[in-house]
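A closer look at the structure
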Amino acid sequence: MKRNYYFLLLAALVFGLSLSVTSCSKDDDNNNGSSEEQQDQQDQKEAEAQDLANARYAIIDQLANVDTIKADFLAETFEPGIGMPDGDDTSTRIVNTNDAETAAERFANIVGATGIDENTTSFPWKDDKLGTMTYTKVTDGTAWATVDVNIKQVPKLQKIIFRAPEQGDNNAAFKGRAYYRFGDVVAIPRKGYDNNKFWQYWVCVRPAFGPEKKEDSHWISVQINQQTNLYTKTNNNKTWFMPTKLGENKEHMQNLAEMLYAMLYPEQWEQNVLNNLKNKKMKMFGDFNKNNEPYHNKYFWQNVSKGWDETINDGNNTQDLWHHVFNTSKSNLKKIINDPNIGLNLLYKGYSWNSEKKLDIHFWQASYTNGSGVNSNMHTAKYTEPKGNLKDVVFDCRLMGNKIENYLRFFKNDGKQRWCIIHATGSDLSLMAGSYNYDGVKEPIRKVTEFYRYWKDIDPEGGKDLNKDPEPDMPL
């Protein structure tokens, strides 16, 4: 998993700014002789350092396999993780992309930039501590765009190529069916903050799929009880648990929102796709070809939803997957997903102090609601940075969802359930589970526990021979 231990980076950056950094100590009660103005300036510097550290981590998180960090994050090196190798050339990574618009959007998401679209011919990006990346539009039909990469933390990554399947090597596409499909759920035993083991559930929000030439799978989890993703703050005998090292992947946050809508409103989801088949601005799971919708039709989503309804005993609790994964009910998710005033609200990236001494803090939040036309199927996205003060509230991100007493007061009691979100590829999950580097599409991720898989729990007959071509789904 690509999001571990970057508190070392934060510590190094903040320490370099000041020797009087406030922390969980008696220093919270004084300014160490500084004036209020000086303290405010110091708070601002520390906040800027944290924001920059979060941004740098988010970039590396999307480029590399970041499983562990032994020292200062900026001093470490990592293996490339984005896309798939270009044959034997592992320094060049292919990201199969169906159109130029998505190619530009994916690069913009990596570097956190605005003003990049399919008309952008070149975009140089630079960070003094990371290095450089240069985006270049390709016009000869061999790709949509390339990115020359010179990031010292990922030295083996030299180039990213965004291209459509037909622009590249057709032999690269795998034939038949992938082992995992949308909505499959696996879990990994993790050590929680209290040192008790818990199941961390991971949901497939973008599987490998041969007709799209997508050979990697993408997964999300909304459970971050492990210490890796927690920052604790104690003051006057109160302790708060904030999210950290979550990373940022807007594409797959969006995929989660659309997938939930498809599972909960399958007929409406399908109708929205069919009504917009010729509308290039209408997205289906990133850049999936809408003509491939029959392979993920309303019957498929109905079947997935029924699979999630089944009661499962994981050794700790006996409940359906809606509760296991999201700590809330299916009926509640169905209600909020379809409410334009609520929607799906996800905390990503981490936290940042506005003033640690004053306990002023902000988070990063992505909110997805259902709209119409190109914004249907949960494609109305809003990104905000909610701010507040911890002094008189409880904030404990170890358990969210319907456990609203853990966080709702910070958000002005707005009634919205929230979840923290982290992302991983199949390869990341393999490393996290202590297995080999997973690059397969027709085999399981080793050492994870399957709690639900379409080809096992819904259509075992269809899963017997993964060499068969994908077929339109039917009621089962």
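Here the structure is a predicted model, which means the values were calculated and not measured. (Residues numbered from 1 in each chain as written. Predicted model: local features only at pLDDT ≥ 70, side-chain atom pairs only at ≥ 80, totals over all residues. Heavy atoms only, no water.)

1. With respect to the overall build of the protein
For the protein, the count of helices and strands is 10 helices and 22 strands. Its C-alpha atoms give the protein a radius of gyration of 22 Å, within 12% of the compact-globule value 23 Å for 476 residues. Considered along the principal axes of its C-alpha atoms, the protein spans approximately 70 × 50 × 45 Å. Classification of the 476 residues of the protein by burial places 56% in the buried group. Sequence-distant contacts in the protein: of pairs separated by 6 or more residues, those separated by 24 or more amount to 62%. Of the roughly 20,100 Å² of accessible surface on the protein, 46% is carried by carbon and sulfur atoms. Side chains of the protein carry 57 positive and 64 negative charges; the gap between the two charge centres is 2 Å. (Helix = DSSP H or I, 4+ residues; strand = E, 2+ residues; numbered from the N terminus. Rg over C-alpha atoms; globule rule 2.2 N^0.38 Å. Buried < 20%, exposed > 50% of the residue type's maximum accessible area, 1.4 Å probe, protein only. Contact = heavy atoms within 4.5 Å. Areas by Shrake-Rupley, 256 points an atom, 1.4 Å probe, with all protein chains shown as cover. Lys, Arg positive; Asp, Glu negative; His and termini not counted. Charge placed at Lys NZ, Arg CZ, Asp CG, Glu CD.)

2. Things to note about helix α5 (residues 266-275)
Among the residues of α5, P266, W269, E270, N272 and V273 are the ones counted as buried. Each buried residue of α5 sits inside an arc of 160° when the element is viewed along its axis, so together they form one side. On the buried face of α5, the contacting elements are α4 (250-264) and α6 (298-309). (Arc of directions from axis to C-beta.)

3. With respect to the pairing of strand β16 (residues 344-355)
The buried fraction of β16 is high, at 11 of 12 residues. Here β16 runs beside strand β17 (residues 360-369); their pairing, made up of 9 bridges, is antiparallel. Directly across from S352, in β17, lies its bridge partner H362. In this structure, the hairpin formed by β16 and β17 is closed by a connection of 4 residues, where L359 is found at a positive phi of approximately 65°. Here 2 bridges tie β16 to strand β20 (residues 419-420), and the two strands are oriented parallel to one another. Each residue of the ladder has a partner; that of L347, found in β20, is C420. (Pairing = 2+ DSSP bridges.)

4. Observations regarding unusual backbone geometry
Phi at K213 takes a positive value of approximately 55°, unusual for a residue other than glycine. In this fold, K213 is placed in the loop between β10 (197-206) and β11 (218-221). Its identity is not glycine, yet K349 carries a phi of approximately 70°, on the positive side. Take K349: it is sitting in strand β16. Taking the relative accessible area as the measure of exposure, K349 reaches 12% and is therefore buried.

5. Remarks on the state of the cysteines
The tally for this structure, following the rule as stated, stands at 0 disulfides. For the unlinked cysteine C420, the closest cysteine sulfur is that of C397, found at 4.6 Å. By relative accessible area, which is 1% here, C420 ends up buried. (Disulfide = S-S within 2.5 Å.)

6. Concerning the environment of M284
When you line up the elements, M284 lands in the loop between α5 and α6. The exposure class of M284 is buried, given its relative accessible area of 1%. For M284 and N377, which are 93 residues apart along the polypeptide, the C-alpha to C-alpha distance reads 8.4 Å. Excluding residues within four positions of it along the chain, M284 makes contact with E258, W269, V273, N289, K290 and E293.

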